[in-house]
Amino acid sequence: MGRTAFITGASRGIGRAIARRLAAEGWSVGIDYLQARDQALALEEELRGQGYQALAVQADVADREAITAAVTRVEMAFGPVSLLVNNAGTASQRQFQDIEEDFWRRIFAVNVDGAFHTIQAVLPHMLHEKAGSIVNISSIWGQRGASCESAYSATKAALIGLTRSLAMELAPSGIRVNCVAPGVIRTDMVEVLGRETLAALAEETPMGRLGTPEEVAEAVAFLGGDKAGFITGQVLTADGGFIL
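Calculation notes
- Residues numbered from 1 in each chain as written.
- Predicted model: local features only at pLDDT ≥ 70, side-chain atom pairs only at ≥ 80, totals over all residues.
- Heavy atoms only, no water.
- Helix = DSSP H or I, 4+ residues; strand = E, 2+ residues; numbered from the N terminus.
- Rg over C-alpha atoms; globule rule 2.2 N^0.38 Å.
- Buried < 20%, exposed > 50% of the residue type's maximum accessible area, 1.4 Å probe, protein only.
- Contact = heavy atoms within 4.5 Å.
- Areas by Shrake-Rupley, 256 points an atom, 1.4 Å probe, with all protein chains shown as cover.
- Lys, Arg positive; Asp, Glu negative; His and termini not counted.
- Charge placed at Lys NZ, Arg CZ, Asp CG, Glu CD.
- Polar contact = N/O pair within 3.5 Å; in protein donor to acceptor, adjacent residues only side chain to side chain.
- 1 Å grid on protein atoms, 1.4 Å probe; cavity = no way out; pocket = protein on both sides within 12 Å on 5 of 7 lines; lining within 4 Å.
- Points joined across faces, edges and corners; volume = space filled by probe spheres on them.

**Structural notes on the overall build of the protein chain**
Scanning the protein chain from N- to C-terminus turns up 9 helices and 7 strands. The globule rule puts the C-alpha radius of gyration for 244 residues at 18 Å, and the 17 Å found for the protein chain is close to it. Its C-alpha atoms give the protein chain principal-axis dimensions of roughly 50 × 40 × 35 Å. Sorting the 244 residues of the protein chain into buried and exposed places 49% on the buried side. For the protein chain, restricting intrachain contacts to residue pairs at least 6 apart in sequence, the fraction spanning at least 24 positions comes to 73%. For the protein chain, the exposed area adds up to about 11,700 Å²; of that, 51% sits on carbon and sulfur atoms. Charge separation in the protein chain, taken as the distance between the mean sites of 21 positive and 28 negative side-chain charges, equals 4 Å.

Written out as structure tokens, the structure reads:
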């Protein structure tokens, strides 16, 4: 049994890049997915074909019992989770006055409650071992806010608050908690904005381009690994200078 990482929302985009990067670093990876079964299984097959340990598990992070069962499956296959990456998230643009309560509840259930559920699922072993690393994926919109994305921004700000508070609480137990706040990253989630909007966002970014999922994955791998052993409670912004 080696090092085990569990990544939520790992079937595509940033999550998929994180799974690939951590596998290359020698982690056995649990690939959590909600609906993209074919993509998750393809990623599992891809990583196994390269000689890595990988297992795709289906679970809605908003469902405590389901995500706890998924974590258990991965731990039975590879050993206790020592690195958790809370990447699963949902987003939708709408004006604040048009937000229905069901939408508000759902986005918090996935983006915030999901982290709550997964952290509590892996924490007992980390506390017992007095070691472990948790990386939450927030967003630059959780740092500065965004028009027509108030619900999403609120959830991502909550993850930053959770990261800092939990880092203080768990540091005496040897558990590190950090956060990565991506900027505008070229994924399916942002492609729906359209070519003109993406071009404008790239122009607004000081580095003159959008980020890649692989660049976010590098930040996660750093914070999750031993080289960041004295770093906790931090928010690493990967945005090409967007919010400077």
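**Brief notes about unusual backbone geometry**
Backbone geometry at Lys130 places phi at a positive 55°, although glycine is not the residue there. Checked against the element boundaries, Lys130 lands in the loop between helix H4 (101-129) and strand E5 (132-137). Overall, Lys130 belongs to the exposed group, its relative accessible area being 54%. Phi is positive for Cys148, which is not a glycine, with a value near 65°. Along the chain, Cys148 turns up in the loop between helix H5 (141-144) and helix H6 (150-170).

**Overview of the environment of Asp32**
For Asp32, the position within the fold is in strand E2 (residues 28-33). For Asp32, a relative accessible area of 2% translates into the label buried. It is 26 Å that separates the C-alpha atoms of Asp32 and Leu210, two residues lying 178 residues apart in sequence. Apart from the residues within four sequence positions on either side, Asp32 is in contact with Phe6, Ile7, Thr8, Gly9, Ala10, Ser11, Val57, Gln58, Ala59, Val61 and Ile67. Polar contacts involving the side chain of Asp32 include one to the main-chain amide nitrogen of Gly9, which spans 3.1 Å.

**What to know about empty space enclosed by the protein**
Per the counting criterion, the structure on display carries 1 cavity of 30 Å³ or more. The volume enclosed by the largest cavity comes to roughly 40 Å³. Forming the boundary of the largest cavity are Thr8, Val61, Asn86, Ala88, Val110, Asn111, Gly114, Ala115 and Leu159. A per-element tally of the lining of the largest cavity places H4 first, with 4 residues.

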